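Each chain, written out:
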Amino acid sequence: MSSSGEGIDPAGDEVEAAEAATGASGESSAEPAIVRRYIPPSSLGFSFFITGRRIELQLLCSAVRYERTERDESGRYKNEWTRKALVPDGSSEEVVDVTCPDKEQHQSCGVLADRARLDILWRRFADGWIVTVALCNTQVVTDDSREFAMERAEHTLFEANLRCVVDSGEVGEYPRVDRRLLDDEEQEIELQYAGQRIFAIGHGCAADWGVANGWVTELRTETMPMVEVPQMTADTGTGGDAALSLAVLSRLDDCADPLASALPAFVDGYAAWAGRQGEMLSGLAEDDRAAGERICQRIGTTVKRMRGGLALLGMDAQVRLAFALANRAMLDQMRQHDVVRGKSRGDDAYRWRPFQLAFLLTVLESAADPESEDRDTVDLIWFPTGGGKTEAYLGLIAFQIALRRLRHPHTGGGTCVLMRYTLRLLTRDQYLRASRLICALERVRRERDDLGTEPISVGLWVGKATCPNTFADAATLVAEARARGELPAMVLDSCPWCGQGFNPRSSYQVSGRQFGFLCSNTQCDLYGTLPCNVVDEALYANPPTMLVATVDKFARLAWEERASAFFGGAQCLPPELIIQDELHLISSALGSVAGLYEAGLDTVLRLRGIYPKYIASTATIRMATQQVRRLYGRVVSVFPSPGLSRDDSYFARTVPLTQHPGRIYVGYLAPMLNRQKCLAPLAAAMLLAPDALFKDERERAALLDAWWTQIVYHGSLKGVGNSHTAFVSDVGEFIRLLDPQSDARRQTSIAQLTSLQTAEENSAIFTRLALQRGADGCLDAVLATNMVSVGLDVARLALMTINGQPLTTAEYIQASSRVGRSDVPGVAFMNYYRDQARSLSHYESFRPFHEAFYRFVEPTSVTPFTYQARLRALHAALVIVIRHARIGFAGNDDAARFDPDIAGVDKAIREFKRRCGQSATDTRQQAEIETHIDSLVVAWRDEVERCRTLSCALRYQESDNDKAAGRLLYNHDDRITGLWPTLQSLRNVENSALLKVL
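Quick caveat: nothing in here was measured; it's all calculated off a predicted structure.

**Brief notes about the side chain of R65**
- With respect to the helices, strands and loops of the structure, R65 is situated in strand β3 (residues 43–68).
- Here E67 takes part through its side chain, which lies 2.8 Å from a polar atom of the side chain of R65.
- Excluding anything up to four places from it in sequence, R65 contacts T82, R83, K84, L86, R115, E154, T156 and F158.

**Remarks on the confidence of the model for the protein**
- Scored by pLDDT, the protein has a mean of 89; 92% of the residues are at 70 or more.
- Here residues 6–25 is modelled with pLDDT under 50, and outside its nearest four sequence neighbours on either side it reaches 67 contacts, counting other chains as well.

**Some details on the sheet that holds strand β29 (residues 750–753)**
- Here seven strands make up an open sheet; going across it, the order is β13-β27-β32-β31-β28-β30-β29 and the pairing mixed. A single partner strand is all that each edge strand has here, and the edge strands are β13 (226–229) and β29. Pairs of neighbouring strands in the sheet enclose a mean axial angle of 20°, with direction left out of account.
- The strands touched by helix α19 (residues 809–816) within the sheet are β27 (663–669), β28 (710–713), β31 (799–803) and β32 (827–832), with β31 carrying the most contacts at an inclination of about 155°.

**Focus on the pairing of strand β15 (residues 377–382)**
- The buried fraction of β15 is high, at five of six residues.
- Pairing of β15 with strand β25 (residues 635–639) involves five bridges; the strand directions are parallel. Counted as the bridge partner of V378 is V636 from β25.
- As defined by bridge partners, β15 adjoins strand β24 (residues 613–618) across four bridges and the pair is classed as parallel. Across the sheet, D379 pairs through a bridge with I615, a residue of β24.

**Notes on α19**
- Counting buried positions along α19 yields eight of eight residues, so the element is predominantly enclosed.
- Considered for burial, the residues of α19 that qualify are T809, A810, E811, Y812, I813, Q814, A815 and S816.
- Tucked into the core, α19 has its buried residues touching β27, β28, β31, β32 and α21 (846–851).

**Side note on the packing of aromatic side chains**
- On inspection of all chains with the given rule, the structure shows 36 aromatic pairs.
- Here the aromatic rings of Y270 and Y650 are separated by 5.4 Å at their centres, their planes lie at 55°, and the arrangement is tilted. Of this pair, Y270 sits in helix α4 (residues 257–279) while Y650 sits in the loop between β25 and β26 (653–654), and the two are 380 residues apart along the sequence. Here Y270 and Y650 have matching classes, each one buried.
- Sitting above the plane of the F554 ring, R420 keeps its charged end 5.3 Å from the centroid.
- Between R897 and the ring centre of F889, over which it is positioned, the NZ or CZ distance is 4.6 Å.

**Regarding helix α2 (residues 184–192)**
- Those residues of α2 that sit buried are Q187, E188, I189, E190, L191 and Q192.
- Where α2 is buried, its residues meet α5 (286–315).
- For α2, the side-chain oxygen to backbone nitrogen distance between the N-cap and E185 is 3.2 Å, and the N-cap itself is D183.

About the thresholds
- Think of each chain on its own: its residues are numbered from 1, step by step along the sequence as written.
- Side-chain atom pairs in this predicted model are given and counted only at pLDDT of 80 or more, local residue features only at pLDDT of at least 70, and totals for whole chains, interfaces and linings cover all residues.
- Values reported for side chains reflect all heavy atoms of the structure, with hydrogen atoms and water molecules removed beforehand.
- To qualify as a helix, a DSSP run of H or I must reach at least 4 residues; to qualify as a strand, a run of E must reach at least 2; elements of each kind are numbered from the N terminus.
- Two N or O atoms count as a polar contact when they lie within 3.5 Å, although within protein this holds only if one can serve as hydrogen donor and the other as acceptor, and sequence-adjacent residues are included solely when both atoms are side-chain atoms.
- Two residues form a contact once any of their heavy atoms are found within 4.5 Å.
- Scored between 0 and 100, pLDDT is the confidence that the predictor attaches to each residue.
- Strand pairing requires that DSSP identify at least two bridges connecting the strands.
- Every angle, taken between N-to-C directions, lies between 0 and 180 degrees, and every axis is a line fitted to C-alpha atoms, over only the stretch in contact when it is a helix.
- Only protein chains enter the area calculation, which uses a 1.4 Å probe; residues under 20% of their type maximum are buried, those over 50% are exposed, and those in between are partly exposed.
- Pairing of aromatic rings covers Phe, Tyr and Trp, the last through its six-membered ring, and needs centres within 6.5 Å; plane angles under 30 degrees mean stacked, over 60 mean edge-to-face, and all others mean tilted.
- Two limits define a charge over a ring: the Lys NZ or Arg CZ must be within 6 Å of the ring centre, and within 35 degrees of the ring normal.

This is the structure:
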């Protein structure tokens with residue numbers, strides 16, 4: 001605790017106001033310079049709630065000071081200091097007895113040799129008291145002192161600590177929220193987290209407490225708080241475990257035994273748990289009973305849907321066969337992946353996690369039956385990171401593809417599944433995972449005669465920064481790579497099935513009219529042309545069975561006539577299944593604009609005769625009902641349905657710390673160091689810690705590697721630059737200061753993971769992260785932005801530092817969950833900024849927040865049909881509907897034929913209005929949307945008439961070379977404008993402005 005006085009230094013040139021300047025990528029590039037005076041803390045304490053007829057407390061405090069002890073020949077003090085305890089009589093703590101004054105009162109007394117003061121504030125609340133206790137440094141240093149820094153150090157209290165022992169009275173839960181003011185979801189969250197009670201809140205520090213026999217006996221300050229968060233496990237369930245075997249389920253069409261016993265037993269196990277949850281309702285408090293009944297009702301609905309899926313498997317032979325083939329494909333790709341890595345296992349080792357199989361049974365009927373009452377439900381997989389969400393929906397994808405081919409041998413080709421992601425890095429990684437599944441399905445197709453003649457394939461539809469969009473670009477890229485003797489940056493660098501690396505000369509089938517990947521391994525089951533592609537023109541010519549894309553790429557639908565191929569073209573069915581991963585990232589400006597494009601896409605599929613099934617997944621979300629309705633115009637069902645306690649949803653359970661270590665979170669706040677300086681001492685300590693801790697351990701090598709590489713997270717690109725400077729200069733100095741004799745970490749190997757680097761550069765960093773200590777290229781530290789919060793899955797990583805509290809709790813959970821994903825427990829250090837209100841708030845509530853941080857996830861903001869959002873993209877959604885609904889307006893010149901009185905056009909407009917209305921917040925907004933659409937229709941018709949009068953062509957788009965033709969759409973920076981400025985991508989959806997300071 002610093003001495004009292006005026007502010008002593010600027011707070012720093014980074015302030016949280018800059019975080020508003022965050023684009024769709026989530027990375028802030030710059031923060032404005034605002035200089036403000038920073039006043040270091042001169043007190044610490046906490047508040048708590050206590051009741052009782054007689055309340056008696058013991059306050060115990062301690063601190064030390066340092067004083068200069070030697071002078072040089074000139075009489076000036078040397079920089080040598082002696083530690084002096086401030087507790088009298090050699091005790092470890094000074095004790096002050098306090099009794100409740102029976103009235104609101106402020107009490108105080110001098111302590112620690114009169115260098116500090118204890119303040120106690122009593123305030124009545126309900127049937128008890130809110131008590132605030134604080135230890136304050138009463139020493140004063142003035143700014144005009146000649147040796148200000150030295151005197152400040154002498155007057156600072158170090159190792160300050162304050163405890164409150166409860167001799168009489170009962171500490172209750174700290175008043176936090178009035179249940180009557182909560183909505184239904186918030187009431188359910190309070191019930192589910194009822195076991196995580198908050199007994200104190202810190203002031204200038206964190207607060208902690210001790211519990212004995214159910215009673216709080218002590219409260220205390222913590223300046224470096226630590227909480228161990230238990231892991232969640234997906235390996236649960238007791239009944240029907242035989243049903244989890246992929247090998248057994250892959251034979252379901254030949255053997256009915258799993259259907260007769262194992263699968264029903266699996267569902268019965270969940271139903272029995274659901275019954276026990278219902279029995280617990282009678283024991284709930286009256287305020288919680290309604291919330292508990294809603295939770296149990298949703299659990300009952302899930303049981304009903306699982307039984308419905310089970311019944312469909314028994315009744316429908318095609319569904320049963322498709323389910324068996326999906327399980328075979330999943331088994332084959334898992335087994336082959338292990339073979340490539342040299343880790344062959346028996347078939348019995350490959351099993352579903354219980355929640356994955358349960359998810360398949362739950363959604364099976366609504367995915368297979370377009371007329372199902374649950375077809376209109378968006379099934380949201382809500383599971384902690386690393387739990388296996390991807391495998392769950394990949395299994396459903398395999399089932400949907402197989403069923404479509406079985407049911408529609410002649411029209412079942414084309415694109416069946418659309419899978420979207422928000423980040424290019426994540427999209428690239430998931431494409432590689434999906435490619436293995438598609439290869440497995442293609443192998444199955446080649447062995448059978450009932451899955452059609454068209455290959456089952458996968459395509460990647462992203463921006464040209466990741467892969468080329470045209471055959472010409474692809475040919476140029478391959479030719480340049482061949483000249484250098486390198487592989488071109490085309491996402492795939494090896495066969496996704498056999499793992500053989502590509503050869504720049506023989507692995508690419510490329511010309512001005514085609515592109516394809518080739519596997520030259522004659523022993524590979526997919527020798528020859530692989531069922532994978534990444535070039536836009538190739539995808540338009542031969543639409544893939546499964547299209548993997550970034551969500552922003554769908555802005556191209558308004559511009560690209562050839563994209564109609566993804567909707568079935570003229571001969572195939574449209575896509576039937578749409579997957580949206582990381583739903584929580586579809587928020588703010590990106591989510592609002594994406595919601596408008598989603599309405600256009602959904603309308604196109606409906607007009608083409610398909611009501612698509614939507615699946616989404618996330619690890620962190622709040623108010624999913626609202627977000628899903630605004631994005632997709634549908635209701636949502638969260639799976640697995642949460643139970644009455646957050647520790648048990650049957651398919652996900654908290655693992656007690658006595659059984660398995662959790663992830664440790666440590667709070668760190670350096671009150672005398674600004675944002676540019678606070679990381680260096682912490683980073684240096686983390687670099688030295690493995691060597692210091694494991695010098696004499698027998699398993700030294702393994703322990704050193706476990707926490708060798710640290711990930712340093714930042715909320716902005718500028719923060720990455722500051723940290724890079726710190727590692728290059730300051731960190732080395734602190735290493736020498738902490739351990740002058742050691743040669744460890746004298747030269748640190750650091751790298752960056754940001755959006756400023758290419759996909760190939762970031763992929764190379766990901767590869768280096770997997771390298772063990774001592775390997776060539778192993779990294780000591782990686783400085784990253786929030787792009788690591790999704791998609792980073794490197795088992796050996798177990799150490800992270802987070803600089804500044806992230807903007808959202810979801811981001812914090814996602815980022816910190818990147819470490820400790822294997823057997824090595826993760827450690828996350830939270831480097832709080834002294835001048836960031838968000839950091840201080842989380843620091844003071846460290847234990848309550850970390851014991852239940854899913855409880856504090858903020859709702860996402862998605863407002864696609866507000867006026868400003870509609871101005872940006874509603875016209876683009878209308879164009880998508882008219883161009884791709886197969887009513888004869890796809891061609892570039894067809895913009896001039898638009899007439900709302902044509903039957904097909906009128907039907908499309910009405911269906912578009914209906915779909916947009918499903919996402920409206922109320923009838924008033926629905927009317928506004930319809931009026932806006934009508935105005936767009938009128939504007940388009942008027943433009944047609946204007947161009948007809950001028951005898952000029954009207955096209956959807958036109959280059960600047962043709963100055964005479966009219967343009968329906970134009971880019972924001974085009975020299976020749978048209979009717980509507982239209983986005984080419986959702987990568988940057990917010991306008992930028994140049995401000996001049998006058």
